[in-house]
Amino acid sequence: MTPHASGQRGLPEHLPDPLPIDVVDNHVHLDITREGDEPFDVADAIKQARAVGVTRLVQVGCDLDGIAFTMDAIERHPELVGGIALHPNEVPRLAAAGTLETAYATVERHAAHDRVRVIGETGLDYFRTGPEGVPVQQDGFRWHIDLAKRLGKALQIHDRDAHDDVLRILEEEGAPEHTVLHCFSGDLAMARVCVERGYYLSFAGTVTFKNARDLRDALTAIPLERVLVETDAPYLAPAPHRGATNASFLVPVTIRAMAGVLNIDVPSLCRAVSENSERVYGPWSAERVGQTA
Ligand SMILES: [Zn+2]
């Protein structure tokens, strides 16, 4: 148990016990600062994560500032690979401002970088964007699917209150080889459809929430080879830290809860998450990232 620096609200005073086998945080936003927080110090965030066995992270930048941040961070830190896209809530804003095409050109230019392994998060958000934004959001989703396929990158999908349309559009366009439902929020039936189609489900701290029975049911019903784990930090801290600022060093809390739900030992789940992540995103730079800090 190591004390850590804190400019964030409500974080636990000590790091969780380290995981027995190193894992990947499949989705984190080191560029995003919640109101009232200090910005993440990237090197510190990585160091704290590594101290508990979270040795590799997928840093996701999904607006133009976030993309610039991501491109810089993946150059500096071998523990990071990048995901870039225009978020489904961002696409209608850019379209209204008349700058969507320029923004697409920026995504496309950076997406070719070897350490950008993910196009995402893209998808549909019917919670924050009203009906007037739906057509442009759907076009944006199709554009990102096509980009991922052209470049041979994984796709990470944001799906908020839009399960049916997400599944339909993926089917219509043809999903990329490696397609991940980030922060999976569907039920058992949807999980089964995703698995049949070969998609991966990434579970966030939400799987630990008391009212998330559907998510736990979904988790128990899918093969271990399709399971990923993420924080979506700074959001969605797992129970018992719900409401606090989330950080990659809390992955062990979610992993241990998931192992309990699955009724398997923690090392088996860690091994699966690690192997699945590298199958989807490719290897991190092995020599420098493999050892524990
Ligand atoms: Zn996210």
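Our structure's up above, just so we're on the same page.
Since we're looking at a predicted model, the values are computed, not measured. (Residues numbered from 1 in each chain as written. Predicted model: local features only at pLDDT ≥ 70, side-chain atom pairs only at ≥ 80, totals over all residues. Heavy atoms only, no water.)

Enquirer: Tell me about the overall build of the protein, and name the residues and values.
Expert: Secondary structure assignment for the protein yields 11 helices and 8 strands. Against the globule reference of 19 Å for 293 residues, the protein gives a C-alpha radius of gyration of 18 Å, in line with a compact fold. Dimensions along the principal axes, computed over C-alpha positions, put the protein at roughly 50 × 40 × 35 Å. Within the protein, buried positions represent 58% of all 293 residues. Residue pairs in contact within the protein that sit at least 24 positions apart in sequence constitute 73% of those at least 6 positions apart. When the 28 basic and 43 acidic side-chain charges of the protein are each reduced to a single mean position, those positions are 3 Å apart. (Helix = DSSP H or I, 4+ residues; strand = E, 2+ residues; numbered from the N terminus. Rg over C-alpha atoms; globule rule 2.2 N^0.38 Å. Buried < 20%, exposed > 50% of the residue type's maximum accessible area, 1.4 Å probe, protein only. Contact = heavy atoms within 4.5 Å. Lys, Arg positive; Asp, Glu negative; His and termini not counted. Charge placed at Lys NZ, Arg CZ, Asp CG, Glu CD.)

Enquirer: Mind laying out the packing of helix α5 (residues 134–151) against helix α6 (residues 163–173), listing which residues take part and the relevant values?
Expert: At a minimum axis separation of 10 Å, α5 and α6 run at an interaxial angle of 45°. Considered as vectors, α5 and α6 are oriented oblique to each other. Once α5 is placed against α6, the crossing between them reads as right-handed. Between α5 and α6, the contacting residues are Gln138, Phe141, Arg142, Ile145 and Lys149 on the first element and Asp165, Val166, Arg168, Ile169, Leu170, Glu172 and Glu173 on the second. A class-by-class count of the residues in the contact of α5 with α6 yields 5 nonpolar, 1 polar and 6 charged. (Axes fitted to C-alpha atoms, helices over the stretch in contact; angles between N-to-C directions. Parallel < 35°, antiparallel > 145°, perpendicular 65-115°, else oblique. Left-handed = near helix turned anticlockwise from the far one by under 90°. Nonpolar A, V, L, I, M, F, W, Y, C, P; charged D, E, K, R; others polar.)

Enquirer: Describe the nonpolar core, and please don't skip the residues or the numbers.
Expert: In this structure, Leu86, Leu181, Phe184, Phe203 and Ile255 are the most contacted members of the largest nonpolar core, which totals 75 residues. Setting aside chain neighbours within four positions, we find leucine 86 in contact with Cys62, Leu64, Ile67, Val91, Leu94, Leu100, Ala103, Tyr104, Val107, Glu121 and His144. With 13 residues, the next largest nonpolar core counts Val24, Val81, Val118 and Leu228 among its residues. (Core = buried A, V, L, I, M, F, W, Y, C linked by side-chain atoms within 4.5 Å.)

Enquirer: Residue-level account of the sheet that holds strand β5 (residues 154–160), with values.
Expert: Strand-to-strand pairing in sheets goes through backbone hydrogen bonds, with the strands running parallel or antiparallel. What the 8 strands build is an open sheet, ordered β1-β2-β3-β4-β5-β6-β7-β8; its pairing is parallel. The outermost strands of the open sheet, each flanked by one partner alone, are β1 (23–28) and β8 (227–229). For this sheet, the mean angle separating the axes of adjacent strands, direction not counted, is 30°. Here helix α9 (residues 251–262) sits on the sheet and contacts β1, β2 (54–61), β7 (200–203) and β8; the angle it forms with β8, its principal contact strand, is near 150°. Docked against the sheet, helix α10 (residues 266–281) engages β1, β2, β4 (116–125), β5, β6 (179–181), β7 and β8, running at close to 95° with respect to β8. (Pairing = 2+ DSSP bridges.)

Enquirer: Kindly report on the coordination of the zinc ion, identifying the contributing residues and their values.
Expert: Where a metal carries four tetrahedral donors, each ideal angle is 109.5 degrees; where it carries six octahedral donors, the ideal angles are 90 or 180 degrees. The coordination sphere of the zinc ion contains the protein donors His27 (NE2), His29 (NE2), Glu121 (OE) and Asp232 (OD), at a distance range of 2.1 to 2.3 Å. The site at the zinc ion holds 4 donor atoms, and with the angles between them running 85 to 178°, its shape is irregular. Each donor residue of the zinc ion belongs to the same chain, with the gaps between them written as H-x1-H-x91-E-x110-D. Residue classification places histidine 29 among the buried positions, given a relative accessible area of 2%. (Donors = N, O, S within 2.8 Å, 3.2 Å for Na, K, Ca; no water. Tetrahedral: all angles 85-135°; square planar, octahedral: opposite > 155°, others 65-115°.)

Enquirer: An account of the side chain of threonine 245 is requested, with residue identities and associated values reported.
Expert: Note that threonine 245 resides in the loop between β8 and α9. At a separation of 3.4 Å, a polar atom in the side chain of threonine 245 contacts the side chain of arginine 34. Of note is the side chain of threonine 245, whose polar atom sits 2.6 Å from the side chain of aspartate 37. Setting aside residues up to four positions removed in sequence, threonine 245 forms contacts with Gln8, Arg9, Leu11, Arg34, Asp37, Pro234, Ala237 and Leu250. (Polar contact = N/O pair within 3.5 Å; in protein donor to acceptor, adjacent residues only side chain to side chain.)

Enquirer: Summarise α6; cite the residues concerned and give the values.
Expert: Each α-helix turn comprises 3.6 residues. Residues three or four places apart therefore point the same way. Buried within α6 are the following residues: Val166, Leu167, Ile169 and Leu170. What you see down the axis of α6 is that its buried residues fit within an arc of 165°, all on one side. Opposite its buried face, α6 presents the exposed residues Asp164 and Glu171, each directed more than 90 degrees away. Tucked into the core, α6 has its buried residues touching β4, α5, β5, β6 and α7 (188–196). In the stretch just after α6, glycine 174 is the one whose phi turns positive, near 85°. (Arc of directions from axis to C-beta.)

Enquirer: Go over the environment of glutamate 172 with me, naming the residues and quoting the values.
Expert: Of note, glutamate 172 is situated in helix α6. Spatially, the C-alpha atoms of glutamate 172 and valine 118 are 21 Å apart, while their sequence positions differ by 54 residues.

Any functional reading would require information beyond the geometric quantities listed.
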